[in-house]
Amino acid sequence: MSSILAIVFLPLIASIIGGFSNKSFGTAFPKIVTTGALFVACALSWPIFIGFLSGTSEATVVPVLHWLTSGTMSFAWELRVDALTAVMLVVVTSVSALVHLYSWGYMSEDPDQPRFFAYLSLFTFAMLMLVTANNLVQMFFGWEGVGLASYLLIGFWFRKPSAQAAAIKAFVVNRVGDLGFMLGIFGIFLVFGTVSIPEILAAAPNMASSTIGFLGMRVDTITVLCLLLFVGAMGKSAQLGLHTWLPDAMEGPTPVSALIHAATMVTAGVFMVCRMSPLFEMSSVAMGVVTFVGAATCLFAATVGTTQTDIKRVIAYSTCSQLGYMFFAAGVGAYGAAMFHLFTHAFFKALLFLGAGSVIHAMHHEQDMRFYGGLRKHIPVTFWTMMAGTLAITGVGIPGIFGFDAIGFAGFHSKDAIIEASWAAGVPSAFWVGVFVALLTSFYSWRVVFLTFYGKPRWAGSEHIQHAVHDAHGHGHDSHDTHGHGSEHANAPAQEDSGHHTPSTTHALHDHAPEGTAGYHPHESPIVMLIPLLVLTVGAIAAGFVFHGFFIEAEEGAAFWKGSLFFNEHLMHAMHEVPMGVKLSATIAMLLGLGISWYTYVVKPGLASAIAEHIRPLYTFLLNKWYFDELYNFLFVRPAFAIGRLLWKAGDEKTIDRFGPNGLANVVRVGAVGAVKLQSGYLYTYAFIMLIGLTAALTWVIAG
């Protein structure tokens, strides 16, 4: 297991080398170093994972160094490798390596490539620190590290005000969740006297039914500790209430979205809950909260995803919704199913994000799907790979009925397992939410495919395309593209049914161009971007039926997990014995969503706008994301700014500065003005003052 040291620290070393390489090295050197390091880490991670699949590996802890001793607190920097860690190792290193490679093409025009690749590798190191942590302080180190790297990557194009705002928003919202996580760690050390995860889980049964003082009340100890930890998970994994940062994070480069906001950082909360699952199992209240929040997030994000027009934001809300699936799976006790969906989701969601990036690349940075259409013949590799990702996320497959084994794409195996587990666990509300969200997921996922690849071209309405055509005919330079892909989302319209606009100059130049194209010719992405798409396609197709036995089958699962998370064999058995209607429910929902989407966007292309107009209040409510941003702006942002202005103007300027440094300076200034008047420069004036002083002194002596 000494290879774990190389897996964890190679990305850090590569980040330092790449980040500090100056312009004399060019852009190729830092890209080669960082990408090479990640592929080596990936190659070392898969044998560890395969070892646990085959049953030949055992959990181990690799010491790095002694970290801290303070009073009774003492812990070391150690790397824990068990089945749960192994799953995360292959997810993090595989997706990160492919994203590094993909970025060679996507970021090829950007002048700051060394900084970008250094940030990617730094993020990967922090995520690996998180998933290999053997104590909560080390986990928190990785937790904050991915937060920092996320801030740097979301705001990579720091000259864009929207990117700056998105980075700050992500950082601030995550601080709220991190406060809960910190309080949970403090409480755990207070209760257990240690931050070592194995020691905490071993001692947890001794604290059953105990109470602790919290906010002036006596509450169940395990419940309050789990809820505090879960607040941290809500922030990092963008659950309802602390979700608002995730869609705005799409302002970062698309490879960042694929790495951080699909496969790695946003799954940290799910990983943490599964790592601490024996603790959560001791509190039915905490489990109920996890289930409710996960199901609510799942539903909320899916409804919002049905109305968004920015291709990356649709996939972002899809991510939020799928994370909800993972949490309510954990909430009903199906931790293996939660991790299985995390595993498959990494492949098909990274594929969808990178596929979206390929579409954006082909469409000259346009992200609004209303300006796509008819692209499947122009970018066929991107089309077929995104089709595979869509088949995976919507759960296309054949259920295991009439004695036949289930077979399907990755999401079919993992998402259906969650829905069946919620029924088997006796939580019908979560089951019905899961089924309904499966319908919505199918609808908005196929909506992306149909709006992007089918129908007639609608490219002429895009300002990005107009700039590209204008430049191609020698009429100027595209001022929007001074930083590679930095113009993403610069001109996306706000309404699904808003009208298109095309300058007359474009019509004049291309009267004979095919309808709706403005004479623009989309181009397939370079091979360096297509290779990651093809590799991820394999995962989106095969990850489900190849690995489902190890994650969720009762006997195989127990042998694979080996106590690295709480594995309920009884629930896994019951999950496979649910009624036929339960087994078919998700597939039926998927087919309904596909049918509705096909009819709305292919058979009757104008129907979507008509429906949006007919249900305008509901459509506006969903388009504005349930008005969470507006609500938070009213409740928190505006009062915070008002308090800040009050403290600035009335407190700082009119009080502290007035009576403090400015007041003292004013006293000195006034005194100096008076003193200047006494300095006339005439000898008789000084003699007169001396005479007055001498007279005063003699008077005081005589009087005394």
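Residues numbered from 1 in each chain as written. Predicted model: local features only at pLDDT ≥ 70, side-chain atom pairs only at ≥ 80, totals over all residues. Heavy atoms only, no water.

Undergrad: Would you mind showing me how to read the overall build of the chain here?
TA: Helices and strands together make up the secondary structure of the chain, namely 29 helices and six strands. Dimensions of the chain, computed from C-alpha atoms along their principal axes, come out at roughly 125 × 80 × 55 Å. Evaluated residue by residue, the chain yields a buried proportion of 55% over its 704 residues. Sequence separation of 24 or more characterises 79% of the internal contacts of the chain that already satisfy a separation of 6 or more. (Helix = DSSP H or I, 4+ residues; strand = E, 2+ residues; numbered from the N terminus. Buried < 20%, exposed > 50% of the residue type's maximum accessible area, 1.4 Å probe, protein only. Contact = heavy atoms within 4.5 Å.)

Undergrad: Explain unusual backbone geometry to me, please; I cannot follow it from the model alone.
TA: A negative phi angle characterises most non-glycine residues, just as the trans form characterises most peptide bonds. In this structure, histidine 364 is a non-glycine residue whose phi angle is positive, near 55°. Secondary-structure assignment places histidine 364 in the loop between helix H15 (335–362) and helix H16 (380–393). The residue tyrosine 627 is not glycine, and still its phi comes out positive at about 60°. Looking at the secondary structure, you find tyrosine 627 in the loop between helix H26 (616–623) and helix H27 (628–659). The partly exposed category is assigned to tyrosine 627, whose relative accessible area is 34%.

Undergrad: I keep staring at the nonpolar core and nothing clicks. Help me out?
TA: Across soluble globular proteins, nonpolar side chains show a tendency to be buried alongside one another. Judged by nonpolar contacts, the single largest core of 205 residues is most densely connected at Phe49, Met276, Phe280, Phe343 and Trp561. Examining the composition of this core, we find that 19 residues originate from one element, H15, more than from any other. Excluding residues that lie within four positions of it along the chain, phenylalanine 49 makes contacts with Ala86, Val87, Val90, Phe343, Phe547, Phe551 and Phe560. (Core = buried A, V, L, I, M, F, W, Y, C linked by side-chain atoms within 4.5 Å.)

Undergrad: Sorry if this is basic, but what is going on with the confidence of the model for the chain here?
TA: Detailed reading of the predicted coordinates is not advisable wherever pLDDT is low. Averaged over the chain, the pLDDT score is 87; the fraction of residues at 70 or greater is 93%. Residue range residues 476–509 is modelled with pLDDT below 50. Its contacts to residues more than four positions away, or to other chains, number 86 contacts. (pLDDT = per-residue confidence, 0-100.)

Undergrad: Explain the pattern of salt bridges here, please?
TA: Two side chains of opposite charge can pair, provided their charged atoms sit close to one another. Across all of its chains, the model carries 13 salt bridges by this definition. Put simply, arginine 175 and glutamate 144 hold a salt bridge, and the shortest N to O gap is 3.2 Å. Pair noted here: arginine 175 is in helix H6 (residues 161–192) and glutamate 144 is in helix H5 (residues 136–154), with a separation of 31 residues, a long-range link. A residue is classified by how much of its surface remains accessible, and glutamate 144, at 24% relative accessible area, is partly exposed. We note a salt bridge from glutamate 251 to lysine 160, for which the minimum N-O separation is 3.3 Å. One end of the pair, glutamate 251, is in the loop between helix H9 (245–248) and helix H10 (254–263); the other, lysine 160, is in the loop between H5 and H6, with 91 residues separating them in the sequence. Take glutamate 251 and lysine 160: they sit in the same class, and that class is buried. (Salt bridge = Lys/Arg side-chain N within 4 Å of Asp/Glu carboxyl O.)

Undergrad: Sorry if this is basic, but what is going on with helix H3 (residues 83–106) here?
TA: Because an α-helix packs 3.6 residues into every turn, residues spaced three or four apart end up facing the same way. With 24 residues, H3 extends 34 Å between its outermost C-alpha atoms, agreeing within 8% with the 34 Å of an ideal straight helix rising 1.5 Å per residue. Of all the 24 residues making up H3, 23 are buried; the element is thus mostly covered by neighbouring parts of the structure. (Expected span 1.5 Å × (residues − 1).)

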